[in-house]
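# Structural overview for review
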Amino acid sequence: MDFTFTEEQLAAAEAARGVLAAVAPDGVPSPALTTGAVAAGFDRELWDRLAGADLLSLPLDEEYGGAGLDAIALCLVLRESAKVLARVPLLENSAAVAALQTYGDKELGTRLLAPAGRGELVLTVAASGRTGHDPAELAVTARPDGETWVLDGVQTAVPWAYDADLVVVPAHTDGDRNVLALVAPTGAGVALAEQVSTSGERLGELRLESARVAGRDVVTAAGAWEWLRELLATGTCALALGLGERVLRMTSEYTGKREQFGHPIATFQAVAVQAADRYIDLRAMEATLWQAAWRIASGAPGALPLAGDVAVAKIWAAEGVRRVVQTAQHLHGGFGADTEYALHRYHAWAKQLELALGGAGAYEEALGDLLAAHPLG
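Residues numbered from 1 in each chain as written. Predicted model: local features only at pLDDT ≥ 70, side-chain atom pairs only at ≥ 80, totals over all residues. Heavy atoms only, no water.

## Structural notes on the overall build of the protein chain
From N to C terminus, the protein chain includes 10 helices and 10 strands. Over its C-alpha atoms the protein chain spans a radius of gyration of 21 Å, differing by no more than 12% from the 21 Å that the globule rule assigns to 377 residues. The principal-axis extents of the C-alpha atoms in the protein chain amount to approximately 80 × 50 × 40 Å. By residue count, 53% of the 377 residues in the protein chain fall in the buried class. Excluding contacts between residues fewer than 6 apart, the proportion of contacts in the protein chain whose partners are at least 24 apart in sequence is 75%. (Helix = DSSP H or I, 4+ residues; strand = E, 2+ residues; numbered from the N terminus. Rg over C-alpha atoms; globule rule 2.2 N^0.38 Å. Buried < 20%, exposed > 50% of the residue type's maximum accessible area, 1.4 Å probe, protein only. Contact = heavy atoms within 4.5 Å.)

## Some details on the pairing of strand β5 (residues 178–183)
With 5 of 6 residues buried, β5 is to be regarded as a mostly interior element. Judged from the 6 bridges that link them, strand β4 (residues 166–172) and β5 form a sheet pairing that is antiparallel. Residue Ala171 lies in a different strand from β5, and its bridge partner there is Val179. Between β4 and the antiparallel strand that follows it, β5, lie 5 residues; Asp176 among them carries a positive phi value of about 60°. Here 2 bridges tie β5 to strand β8 (residues 218–219), and the two strands are oriented antiparallel to one another. Paired with Ala181 across the two strands is Val218, which belongs to β8. (Pairing = 2+ DSSP bridges.)

## Focus on the nonpolar core
In globular proteins that are soluble, nonpolar side chains generally tend to be buried together. Ranked by size, the top nonpolar core spans 100 residues in total, and within it Leu228 and Leu243 carry the most contacts. In terms of residue count, helix α6 (residues 224–257) provides more of this core than any other element does, 16 residues in total. Not counting residues within four places of it along the chain, the set of residues in contact with Leu243 comprises Ala82, Leu85, Val321, Val325, Tyr346, Trp349, Ala350 and Leu353. Counting 20 residues, the second-largest nonpolar core is a separate cluster that includes Leu151, Ala161, Ala181 and Val183. (Core = buried A, V, L, I, M, F, W, Y, C linked by side-chain atoms within 4.5 Å.)

## Focus: helix α9 (residues 343–355)
With 13 residues, α9 extends 19 Å from end C-alpha to end C-alpha; this agrees with the ideal 18 Å at 1.5 Å per step. Along α9, the positions that sit buried rather than exposed are Leu343, His344, Arg345, Tyr346, Ala348, Trp349, Ala350, Leu353 and Glu354. Leu357 lies just past α9 and shows a positive phi near 65°. (Expected span 1.5 Å × (residues − 1).)

## Brief notes about the pairing of strand β7 (residues 202–214)
Side-chain positions along a regular strand alternate between the two faces of the sheet. One ladder, built from 9 bridges, connects strand β3 (residues 148–159) with β7; its direction is antiparallel. Looking at the pairing, Val154 lines up with Arg207 of β7. As consecutive antiparallel partners, strand β6 (residues 190–196) and β7 are separated by 5 residues, and within that stretch Gly200 has a phi angle of approximately 90°, a positive value.

## Some thoughts on the packing of helix α3 (residues 71–83) against helix α4 (residues 90–103)
Close contact between α3 and α4 brings their axes to 11 Å; oriented N to C, the two are set at 170°. In terms of orientation, α3 lies roughly antiparallel with respect to α4. Contacts between α3 and α4 involve Leu74, Val77, Leu78 and Ser81 from the first element and Leu90, Leu91 and Ser94 from the second. In terms of residue class, the contact of α3 with α4 is made up of 5 nonpolar, 2 polar and no charged. (Axes fitted to C-alpha atoms, helices over the stretch in contact; angles between N-to-C directions. Parallel < 35°, antiparallel > 145°, perpendicular 65-115°, else oblique. Nonpolar A, V, L, I, M, F, W, Y, C, P; charged D, E, K, R; others polar.)

## With respect to unusual backbone geometry
The phi dihedral of Asp176 falls on the positive side, at around 60°, and the residue is not glycine. The exposed category is assigned to Asp176, whose relative accessible area is 70%.

## Observations concerning the packing of α3 against α6
Across the interface, α3 lies against α6 with an axial gap of 7 Å and an inter-helix angle of 40°. With respect to each other, α3 and α6 are oriented oblique. Between α3 and α6 lies a crossing whose hand is right-handed. Of the residues in α6, those touching α3 at Ala71, Leu74, Cys75, Leu78, Arg79, Ser81, Ala82 and Lys83 are Leu231, Thr234, Gly235, Ala238, Leu239, Leu241, Gly242, Leu243, Glu245 and Arg246. (Left-handed = near helix turned anticlockwise from the far one by under 90°.)

Given below as structure tokens:
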């Protein structure tokens, strides 16, 4: 495959860097010093700036006010956002609108996509299932009842649930097929219970008890949830890559200035070898990320189904970002745990991303099943 980005993709990344340049990673209280959530909601000011730069509408076609870009462009922007720990539902909103555009009908697109691209309507996705370890589509049941659908079940750890206008909820039917339902968090039969993430952000446990959703707000097209799930996982890999790159740079800057025995510790072989190992992790994370994003963007066939490339990317992202922040903490010494220094925030976010949508072990198991079903060679 060709790793060269197009001019449009590079322009999106450059625009993101410009918007995110003023974002401070320590703009909210430290999660290490906060018993609850670090803030009541996401960064609305940044959200408006992203909308003004047309970065919320990247995946949308021109008829909805978008740029018609692909998953690769989205991942480039997500990568930049993670470097400053941007507190916005960029991944969830972008992935949701991309899925609704691809699998929803024209009426749904006309009604929702343009406002979502302008930042006026905020979408999030319930993708963690009942416990965070089980398939999300099995946590909620959906059954048709006249012109509505009735939903029952629980989805845990829904990001930005208290800020979103609509939550995209995967659910399964008696016919053993999956649907995507657009649920208003304040609707009848819908309740939220507050949860707090490892990174200190406010999450919501979404409880559905005979919640009714209009038929026009349910996407029944085959493959919609599976495609959305792979895009979310790939976007999570992009966030992990951006975070890891920023942390390795912080480590390089610190070890280049910190001296022992009259020399910067970066010149010590033990330090240099550890940093080099983490650089290799990041390059592996990058290569597998772009492979997965390219498969999503192009629809090209491969030796394994798309889920195989996404699994490989998520394994590297989960393991790699963990090793990067652990090495950074080690090489920073006690300074790495200082709550007035940003590294501990990156560590908390890294742990959140490592386990988001499933840890490395879950994807290793899924990859093993795919290899058994599709033997290579």
